Amino acid sequence: MQATEPGFDTALPPSDPKDAIISALLELAGERHWEDITLSDVATRANVSLSTFRDLFPSKGAVLAGFLRKIDKIVLEGTGAELADEPAKERLIEVLRRRLDALAPYKVGLEGIGEWTARDPFAAASLNRLMINSMRFMLEAADIDSEGPVGALKLQGLVIAWRRVLRTWFSDDDPELAATMAALDRELTRGSRLIARAEDINRLTSPLFSIARALFERRHRGTTPRGSFHEERDEERDEHRAL
């Protein structure tokens with residue numbers, strides 16, 4: 001009889017082990033504290049071996065990153081041109097509504113992960129970086145620019161707003177998600193005002209930065225390298241002595 005790895009179910013392995021690991025971790029996150037979930041727990045729940053787990057993901061955090069990419073893909077594949085004529089805010093609301101639909105099967109686990117990040121600032125910072133990448137694609141799906149200093153502000157602001165929206169969503173049992181959508185509308189309205197101010201400031205300060213950059217570059221081009229200056233002074237001194 002062929003030996004099996006400890007803790008590995010002898011049933012047929014899943015057809016998509018990567019997705020099985022992601023689903024297993026999210027299930028366990030809804031049942032216990034994140035810190036109490038071991039890699040073996042996830043592998044057992046997913047019915048994969050630890051070696052398969054290791055081939056696919058190096059850590060639980062990597063599984064979480066894979067989950068976010070999975071959700072991003074679902075949202076992006078459902079994005080069409082039907083909202084092209086709508087205002088930017090309405091386009092983004094629709095994209096984020098689809099994201100909520102994609103997240104719905106994992107709601108309990110996501111609430112557990114939210115509680116974990118509230119306890120662990122390092123975890124919160126790591127998740128923030130992952131969410132910035134996800135929200136970059138959400139803005140692009142809504143045809144909203146996310147480049148440059150103002151784009152960076154949009155991304156971080158949207159991550160913060162999304163975190164607040166999820167807190168409402170966790171306790172919203174209404175099939176229509178009335179409270180959640182109201183929170184989303186409120187957060188995006190607030191964010192739009194802040195971004196408009198940032199864009200005004202950026203328009204005012206951009207010419208000043210361009211002038212400062214030009215002056216710096218001109219001065220840098222006209223400066224004699226320090227080594228050459230000293231070499232010229234040494235040569236002048238030697239010539240004076242020779243005279």
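Keep in mind it's a predicted model, so treat the numbers as computed, not measured.

**Overview of the overall build of the protein chain**
At step 1: Scanning the protein chain from N- to C-terminus turns up 10 helices and 0 strands.
At step 2: Helices and strands appear in the protein chain in the N-to-C order α-α-α-α-α-α-α-α-α-α.
At step 3: A burial count over the protein chain gives 33% of its 243 residues as buried.
At step 4: Put simply, of all contacts in the protein chain between residues at least 6 apart along the chain, 68% involve residues at least 24 apart.

**So, the packing of helix 4 (residues 60–77) against helix 5 (residues 88–103)**
At step 1: For the pair helix 4 and helix 5, interaxial distance at closest approach is 9 Å and the crossing angle is 125°. In terms of orientation, helix 4 and helix 5 fall into the oblique class. The interaxial crossing formed by helix 4 with helix 5 has right-handed handedness. The segment helix 4 lies against helix 5, with Phe-67, Leu-68, Ile-71, Asp-72, Ile-74 and Val-75 engaging Val-95, Arg-98, Arg-99, Ala-102 and Leu-103.
At step 2: A breakdown of the residues in the contact of helix 4 with helix 5 according to their chemical character gives 8 nonpolar, no polar and 3 charged.

**Looking at the packing of aromatic side chains**
At step 1: This model, assessed by the stated rule, comprises 4 aromatic pairs.
At step 2: When the ring of Trp-34 is compared with that of Trp-116, the centres are 4.4 Å apart and the planes differ by 15°; the resulting orientation is stacked. Residue Trp-34 is located in the loop between helix 1 (17–29) and helix 2 (39–46), and its partner Trp-116 is located in helix 6 (residues 107–119); the two are separated by 82 residues in the primary sequence.
At step 3: Owing to a relative accessible area of 6%, Trp-34 belongs among the buried residues under this scheme.

**Some remarks on the pattern of salt bridges**
At step 1: What the rule picks out here adds up to 13 salt bridges.
At step 2: The shortest N-O distance in the salt bridge between Arg-45 and Glu-27 comes to 3.1 Å. Within this pair, whereas Arg-45 is found in helix 2, its partner Glu-27 is found in helix 1, the two being separated by 18 residues in sequence.
At step 3: For Arg-45, a relative accessible area of 35% translates into the label partly exposed.
At step 4: As a salt-bridge pair, Arg-164 and Glu-187 come within 3.3 Å of each other at their nearest N and O atoms. Of this pair, Arg-164 sits in helix 8 (residues 148–170) while Glu-187 sits in helix 9 (residues 178–222), and the two are 23 residues apart along the sequence.
At step 5: Judged by relative accessible area, which is 33%, Arg-164 ranks as partly exposed.

**Notes on the nonpolar core**
At step 1: Ranked by size, the top nonpolar core spans 54 residues in total, and within it Phe-67, Met-135 and Trp-162 carry the most contacts.
At step 2: Of all the secondary structure elements, the ones that give two or more residues to this core are helix 1, helix 2, helix 4, helix 5, helix 6, helix 7 (121–141), helix 8 and helix 9.
At step 3: Ignoring sequence-local partners within four residues, the contact set of Trp-162 consists of Leu-96, Arg-99, Leu-100, Leu-103, Met-131 and Met-135.

Definitions and cut-offs
- Residues numbered from 1 in each chain as written.
- Predicted model: local features only at pLDDT ≥ 70, side-chain atom pairs only at ≥ 80, totals over all residues.
- Heavy atoms only, no water.
- Helix = DSSP H or I, 4+ residues; strand = E, 2+ residues; numbered from the N terminus.
- Buried < 20%, exposed > 50% of the residue type's maximum accessible area, 1.4 Å probe, protein only.
- Contact = heavy atoms within 4.5 Å.
- Axes fitted to C-alpha atoms, helices over the stretch in contact; angles between N-to-C directions.
- Parallel < 35°, antiparallel > 145°, perpendicular 65-115°, else oblique.
- Left-handed = near helix turned anticlockwise from the far one by under 90°.
- Nonpolar A, V, L, I, M, F, W, Y, C, P; charged D, E, K, R; others polar.
- Phe/Tyr/Trp six-rings, centres within 6.5 Å; stacked < 30°, edge-to-face > 60°.
- Salt bridge = Lys/Arg side-chain N within 4 Å of Asp/Glu carboxyl O.
- Core = buried A, V, L, I, M, F, W, Y, C linked by side-chain atoms within 4.5 Å.

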